[in-house]
Amino acid sequence: MKKMTKHLTLLLVLCIVLAGCAAKSNPPASSASQSPGADSGATTQPAAASSTLTVAFSEGGTTLDPAEASDLTSDTFVIAAYDQLVTYGVKTVDGADVANTDEIKPMLAESWSVSDDNLTYTFKLRSGVKFQSGNPVTADSVVYTLDRVKNSKSGSFLYGMADIKTVTAKDASTVEIALNKPNHMFMQIIALYNFSIVDDVAMKGKNADYLKTNTAGSGPFAVEKWDPASEAVLTANADYWQGAPKLSKVTLKFTKEASNRVLLLDKGDVDMAIEIPAKDVASLQANSALSVKSNASNRILFLALNNKVKPFDNVKVRQAIAYTIPYDQLINDVMHGQAKQMKSAVASNTPGYTDKGYTYEHNLDKAKQLLEEAGYGNGFSFDLTLGSGFQDWEDDAVLIQAELAKVGVTMNINKVARAQFLEMQKKKNLTAYISKWTSFVNDPGYHLGFLMYGKGSSNYNNYSNAEVDKLWEQASQEPNADARKQLYEKAQEIITTEAPWSYLYEYNRIVGMSAKLSGYVYYPDEIIRFYPLSKN
Amino acid sequence: MTVMSTASSPGQQKSAPKPARFLRLLLRNRLAAIGLGFIVLWTIAAIVAPWIAPYNPYVPDMAAKLQPPGGAHMLGTDNFGRDILSRVLYGARISIWTGLIAVSISFVIGVPLGGIAAYYRGRTETIIMRLLDVLLSFPSLVLSMAIAASIGAGLFSAMIAVGVVGIPEFGRLMYGQTISLREKEYVEASRSIGVKDRVILLRHILPNALAPLLVQATLGMGFAILTASSLSFLGLGVKPPTAEWGAMIAEGREYIISGEWWLVTFPGLSIATAILGFNLLGDGLRDVMDPRLRSGK
């Protein structure tokens, strides 16, 4: 009897030990419980009323403030709750509706005129448009909004890039914006979500942080609930000036784990999911209840080499690295074909793109030869700093590391948390890093100005070429589109030849949705517009 | 059994079970034997990994990616075509090393702290024990994450983080032992003839407190392996492409839903068996070393 008790006790201990192991060795369970979206997904039956939409998002967002938003989820709230003066057109590419950022269409401004010297823009506001509070949208609202952007932390950079000198309300529905110098990107910048028009009357007496957690816009949806840890609920603005949205309610479920989002979508627990891993596209496409859109985007991925740090100050070493990248493996094995080879610092669907100067391929002999010419025949070793959060980056790094080893170069992969990486990057002293970039204004001037211009604010790898700088400055003042294009092409050719980055790939933007949804339009800023969506 | 003196007697070393007898007692406990078996297996695997691993665990082979277990790759391959068996074997080296070093850190720092606190009492005791309480008040994984994140991700920092987290366990255990041992006649006697405190602590108190500390060290190995794997899973441990069990699970978890279960299952089983081994052995050791439990049979 005693023996049996002992055995039973031991069995119990064993169970407890095993249970203990299971509970502790299973961090995904705890991380999933942070985003109850995953668990409560089961209770979200495929919407009873056909006009409600449930979307699985990866991140919960950080702010509702249009001037400060800078992550995809926050941007999505802003676009849903606010309108801008002007917006982008839509075109059809390969059967899919895609935003055309070259074409500017009226939104809150019904028309505008430009002075002959390209320095003064006069906007005429649409009459009768009201904010969700009931206050009218006036010229003062525009003046107030632009002043907020100017003094914001995040949006002020764009304000500077737009070269805005003054903003004046001529009368209740006319606004005049004067520029410091002609800027061909002005209209595209003013259409960005950071320049969403804010209800100045409703803001009276509110403190500066009010918009962080509240909205004051004229947009098609109101943010009814926002809990970054679980979900957000948007409700339709029935009085929207373009007509009430077809969806009465949109629920955003914040689900960090990509595999959970895929499961939710596959089982029909959500109508739509973003940030779907490339490897799951094929299996989701086999599900007839779903429609998986995989569009070429202008999101690029590159391996940046610090041009001021030895040995990457030597152009031959940088070129040698570009010849060791296993391009086909990255695209086929890591990205499962849901990406495209990148051949310029500018994305291939950006107007003005050219692959001139691109001669790179996976060629280890050539790489070896370049290294020898540069005096590194015996190889060298360097640190790659890798921000966490993107599995494909890590996979890329491991494959590149293996190829580099074949030419005698040792690459140590230093993994750091994403937030830490962003801080480190700003110091401009990382030897090498992998990073993505999406230019919201699909223009080489905007793109290169951030990344390749000597003084560019995101030129974290210290690329500096006097000729490129001169070409960029010249182009940004050049009113003629063709002449501008030529200047940008020349700049791209020099950059590609000098290889400050090894180009990895251009992402496809993958969005999976229920086949019942229609009206989806792909925008280069990757923000989903809920207004045109409908469900039948 | 009554001939066995209690652990608190000064002559404990003499009457402690001799190695052979000790091992026999230990192996009589079937679960402890199983635990020891796991540990011996993993230790051997760790030592001979470079000779028995069928493939290089670090070299990608895209032509062979995601192959199921069986055939040329007994446990299948991961998304880079690397052999999972080889990676699991190499992972054993890292896990066991991490466990050993982390437990050594906890032991070497925690035991003197606990001993000093209990021996001197007074303000020293208050300061040391409250410090240990502070360490103990954080959930261990959270604390180790904070430490690992602040000194930078890497295998070495994971070892330190896990080691620091284990300090209070050893400190408190040694504290409790010393509190009772310092009142013993033989300690009093030593003190009265002017033996130095350091000598009393090292020669008279530590050997008599060793049994529970060894049990704790064994259990601590399991805990250290688990915490280190958790850190790697969360991206705060080893750097890629290092084969580490927790990191392997993290890399493979995206493949569970697409049906490639072997990427996470084998490293998961490795963690489970290694920890189970140390926990079972620790429990067995406690039974053997504590005469009261033994005589109760």
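What counts, and at which threshold
Residues numbered from 1 in each chain as written. Chains lettered and ligands numbered in written order. Predicted model: local features only at pLDDT ≥ 70, side-chain atom pairs only at ≥ 80, totals over all residues. Heavy atoms only, no water. Helix = DSSP H or I, 4+ residues; strand = E, 2+ residues; numbered from the N terminus. Areas by Shrake-Rupley, 256 points an atom, 1.4 Å probe, with all protein chains shown as cover. Lys, Arg positive; Asp, Glu negative; His and termini not counted. Charge placed at Lys NZ, Arg CZ, Asp CG, Glu CD. Buried < 20%, exposed > 50% of the residue type's maximum accessible area, 1.4 Å probe, protein only. Pairing = 2+ DSSP bridges. Axes fitted to C-alpha atoms, helices over the stretch in contact; angles between N-to-C directions. Parallel < 35°, antiparallel > 145°, perpendicular 65-115°, else oblique. Contact = heavy atoms within 4.5 Å. Nonpolar A, V, L, I, M, F, W, Y, C, P; charged D, E, K, R; others polar. Polar contact = N/O pair within 3.5 Å; in protein donor to acceptor, adjacent residues only side chain to side chain.

**Q** Can you tell me about the overall build of chain B, naming the residues and giving the values?
**A** Helix and strand counts for chain B stand at twelve helices and zero strands. Across its three principal directions, the C-alpha atoms of chain B cover 75 × 45 × 30 Å. As presented, chain B carries roughly 13500 Å² of accessible surface, and 67% of it is formed by carbon and sulfur atoms. Charged side chains in chain B number 26 positive and 17 negative. The centres of these two groups are separated by 10 Å.

**Q** Can you tell me about the pairing of strand β7 (residues 174-179) of chain A, naming the residues and giving the values?
**A** Residue and element names in this part refer to chain A. With five of its six residues buried, β7 lies for the most part within the structure. Across five bridges, strand β5 (residues 120-125) lies against β7 in antiparallel orientation. Each residue of the ladder has a partner; that of Y121, found in β7, is I177. Here strand β6 (residues 164-171) runs beside β7; their pairing, made up of six bridges, is antiparallel. The residue of β7 that forms the bridge with A169 is V175.

**Q** Give a description of the packing of helix α2 (residues 19-28) of chain B against helix α3 (residues 30-52) of chain B that names residues and reports values.
**A** All names here are of chain B. Look at α2 against α3: their axes get within 5 Å of each other, and the N-to-C directions meet at 105°. Overall, the two elements α2 and α3 adopt an arrangement that is roughly perpendicular. Taking contact as the criterion, the partners of L23, L26, L27 and R28 in α2 are, on α3, R30, A32, A33 and L36. Grouping the amino acids of the contact of α2 with α3 by side-chain chemistry returns six nonpolar, no polar and two charged.

**Q** Before we move on, could you go through helix α11 (residues 315-324) of chain A and cite the residues and values that matter?
**A** Residues separated by three or four positions in an α-helix point in the same direction, a consequence of the helix having 3.6 residues per turn. Residue and element names in this part refer to chain A. The buried fraction of α11 is high, at eight of ten residues. Within α11, the full set of buried residues consists of V317, R318, Q319, A320, I321, A322, Y323 and T324. Those residues of α11 that are buried are in contact with β12 (290-305), α12 (327-334), α13 (364-373), α14 (391-406), α18 (481-498) and β17 (501-514). The residue sitting at the N-terminus of α11 and contributing the capping side-chain oxygen is N314; that oxygen lies 2.8 Å from the backbone nitrogen of K316.

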